[in-house]
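# Commentary on secondary and tertiary structure
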Amino acid sequence: MSHTFANGFNAGRAFIYATLVFFALLYISPLYIILTTSFKDIEEIRSGNLLALPDEPTLYAWIKAWGSACTGSDCNGLAPFFWNSIRIVIPAVLISTIIGALNGYVLAQWRFRGSDMLFGALLFGCFIPFQVILLPMSILLGKMGLANTISGLVMVHVIYGIAFTTLFFRNYYVAIPSDLTKAAKLDGAGFFSIFTNVFLPMSTPIFVVTIIWQFTQIWNDFLFGVVYSGSGTQPITVALNNLVNTSVGGKEYNVDMAAAVIAALPTLLVYVVAGKYFVKGLTAGAVKG
Amino acid sequence: MGAIDIINVTKSFGDTPVLKNINLNIKDGEFLILVGPSGCGKSTLMNTVAGLEDVTSGQINIAGRDVTNLSPKNRDIAMVFQSYALYPTMDVRRNISFGLEMRKVPKKERNQTVDRIADLLQISHLLDRKPSQLSGGQRQRVAMGRALARSPKVFLLDEPLSNLDAKLRVEMRMEIKKMHKRLGTTIIYVTHDQIEAMTLADRIAVLSEGIVQQFGTPYEIYNDPANRFVADFMGSPAMNFIECDIEDGRLIVETDGQDYKFEVPDRDVLQKSGLKRVVLGLRPEMITEAKPDQKRQFTQEISMLVEETEPMGADTMVTGLWNSTEIQGRVSPEAGHAAKLNDKHTLLHVDTSKAVFFHLETGERVR
Amino acid sequence: MLARIENYLPKIVLAPTTVVMVVCMYGFIAWTAVLSFTKSRMLPQWDFVGWDQYERLFNNPRWLVAIDNLGIFTLLFIAISLVLGLVLAIFLDRNIRAEGAIRTIYLYPMAVSFIVTGTAWKWILNPGLGIEKLVHDFGFTDFEFRWLVESDMAIYTIVIAAVWQSSGFVMAMFLAGLRGVDDNIVKAAEIDGASPARIYWHIILPIMRPVFFSSIIVLTHIAIKSFDLVQALTGGGPGYSSDLPANFMYTFAFNRAQMGLGAASAMIMLFSVLAIIVPFLYSELREKK
């Protein structure tokens, strides 16, 4: 429900709209500037107005950012790193979501002595600054032979994503009356058949929320990427940062911006398509996380 | 063959005992009601019979077989939950047949069973709907259907009617009774509604604080309560409790400025007990308007100052003070009306033929 | 036998998570803690030196700058995000036309990684061609805006970018909170003759106390972990003037082979998070009882 007030407050309505629109413009302008810049050539960037639309739109910057811009010593553009990110994100999201779903199911519907404590201990994982585990994890990855590998990054993302995915599913399943599990037990269903027959079919919304959350988190991650990847396995965020900080010849802001859009595109797309679930995950994760 | 023996069952959550040494023998085909105030342990007791909760000690037999350590699915029982607990993502047909599906009953047979039960419960037209598309009463029927589908040895019903409105509740009560007559399956039924208990049960077990206060037929429970708790809990409006002095086996009651000596059938019991004071238990329907032509042995005529009248339709409750304790009598609407108009000093008949007595401190019956 | 296994299934399902949690969260924290008391550099070594690393840390001017910056950044970032988010939420809650579109605009930055945000704002704020040039183009040629390259001001550019990214999220939290306020309470207050401003100040805001709490927690958490934004926007510069503790930790632990020092700084970060979160959790849990 929106709150409306019966007594006249209409004098301020123009002010309210003005404020809202002003901030909307403020929030959208960076995106506008990035996009227009990415279609300008370097000459126009130097001479033209920051807010002007491109005179002669060109795909030069996009093509270079994707295929031939230098990210450190290599000059193959962002493309290989885009695929790296995809190869990291897909398994990491799927594995952490499935584990979270099962964990949440147990913690909400099959409680046992100590399970609440376990949940509390796990919840703590949503809060710790990851700097505190960076060093030992790098040594573990090294010992396992997973240093600088995609699999290593997948593993790290799964491990530190479980706290969140478990939290999401646990909070979703805890709202489902335990009578349902009891009824299914009496009907003769076991642990897994109750999960697949009763709980999975009603879990679509929470799966969407969790997958979107994890996808955004992992795609946007920089810390694990920069610490645990090698030159061939870097995710796109790391590559973007390298691209921006590599100055071979003059600074090409248009290429930087095109690269930024490429790096942001998948999560932006998810946001546009499934914004409702995105916000849900954000607020759900925030209330407890 | 669904006799149930609950033998010395104890259950504690941590250090808190919830069930204390429960013993109940439920005969095959019997309709047993577990009744008691909330938190008395009745639902816990039912859950232990279902196998949804472990017992701390003791044994439970179903049809002569020790099931104490069996999982719920192996006990051959079905349960109707207060919340119905219908599977929200399954349609009515699958809700009813899910138990059969889990027991690997062939599909054709399952469908036949569902059709038969849907027919019985008059929900055939609802089979393709989801629970969210059903009314409360329809959900209740589906929940019943799910329990019936497996034709188990024992039905457990956990406050199955408490989420229905008053009228529907009375209807379903009758249907459950009819169904029990037809199927003859053992039923354990939990409720906190003592009217439901009285109308449905073959026998009632009254629970309080984890202890079976009394186990008997509705008649015994109502007319021959084991203690003050049972007497107070069963019956609405509740039984009157009046502290009285005993004099020569008679009870002294002061009301409307006058002392009365009530004759009671158990005169020698009172005399022998050696007690000076006792709590007299008298149901409201034993206090009626004076009917001079119907005066019998244990009927005494008194005058009471009626402080309050509450018309209930068929009769009217009148409130007055006996030994400074508020009591209620049940009189005809006409008498009630008159008591309200005339000066309020009303002639009443008190029938003590069913009066019961309790110890002041313990609340146990004086027998 | 099968029934037995069935009984243990919930615990079996949680077992891997439990092991991983104990090892990779608590174990690693302990490991880092121990490491912070050794003189490890390139590789971990177990010569214990007591509190030496912490002493070195707090004698290190770069760390002190990072701590100072964290104070400035956290305070401004949280205060501005809260005020902005709250105002926007209250305004949006007044039956605004196109609310959905405006909300989408406020929130989209949250879908983008800090690296992309940093890259974008680096371009917008850059002294030569960004906002400064824009204002010059409008005719105000005396205008100077060089925060990005000024040691005293660089940290504020990080505040700007972080607020841009996160205030929409605060708005979403508050909006959800506002929507949860029982309309009857508002009506009752109106009948009592309270003005809208009073209703918000005396009735609605107190009800939303938990939203304030969780927003502050989340924002603090973001602030303390902030690493990627600094890395992408200023690279910690000029010099190390805009470093945050997270960047300090990364630089010393991974680039300068000062493991012990890095571990010590990570522990300080952990305890700063705990100092804020533990009292919060404690008060939340107590209220529930």
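Reading the values: rules and limits
- Residues numbered from 1 in each chain as written.
- Chains lettered and ligands numbered in written order.
- Predicted model: local features only at pLDDT ≥ 70, side-chain atom pairs only at ≥ 80, totals over all residues.
- Domains from an automatic or database assignment.
- Contact = placed C-beta atoms within 7 Å.
- Nonpolar A, V, L, I, M, F, W, Y, C, P; charged D, E, K, R; others polar.
- Helix = DSSP H or I, 4+ residues; strand = E, 2+ residues; numbered from the N terminus.
- Pairing = 2+ DSSP bridges.
- Buried ≥ 20, exposed ≤ 12 C-beta atoms within 10 Å, placed from the backbone.

All names here are of chain B. We note that the domain assignment places domain 1 (4-233) and domain 2 (240-358) within chain B. Taking only C-alpha atoms, the centre of domain 1 and the centre of domain 2 are 40 Å apart. Across the contact, 5 residues belong to domain 1 and 6 residues belong to domain 2. Class assignment of the residues belonging to the side of domain 1 that touches domain 2 gives a composition of 2 nonpolar, 2 polar and 1 charged.

Opposite the 83 residues of chain C that make contact, chain A presents 75 residues. With 17 residues, helix 1 (residues 2-35) of chain C is the single largest residue contributor to the side of chain C that touches chain A. Of the residues belonging to the side of chain C that touches chain A, the class tally is 59 nonpolar, 13 polar and 11 charged.

Attention now goes to the sheet that holds strand 2 (residues 16-26) of chain B. All names here are of chain B. Across the sheet, which stays open at both edges, the 4 strands sit in the order 2-1-4-5 with antiparallel pairing between neighbours. Taken across any chain shown, the strands that pair with only one partner, and hence form the sheet edges, are strand 2 and strand 5 (65-66). Inspection of the sheet shows strand 4 (residues 57-62) paired to strand 5 by 2 bridges, in the antiparallel sense. Paired with Asn61 across the bridge in strand 5 is Asp66.

What follows concerns unusual backbone geometry. The omega angle of the peptide bond from B:Ser236 to B:Pro237 is -5 degrees, so this bond is cis rather than trans. For B:Pro237, the location among the structural elements is in the loop between helix 8 (228-233) and strand 11 (240-247). Phi angles above zero are rare outside glycine, and B:Asp248 is one such case at about 60 degrees. Along the chain, the position of B:Asp248 falls in the loop between strand 11 and strand 12 (250-255). Classification of B:Asp248 as exposed rests on a count of 9 C-beta atoms within 10 Å. With a phi close to 60 degrees, C:Ala98 is a non-glycine residue in the positive phi region. Locating C:Ala98 in the fold gives a position in the loop between helix 3 (61-92) and helix 4 (99-107). The class for C:Ala98 is partly exposed, based on 13 C-beta atoms found within 10 Å.

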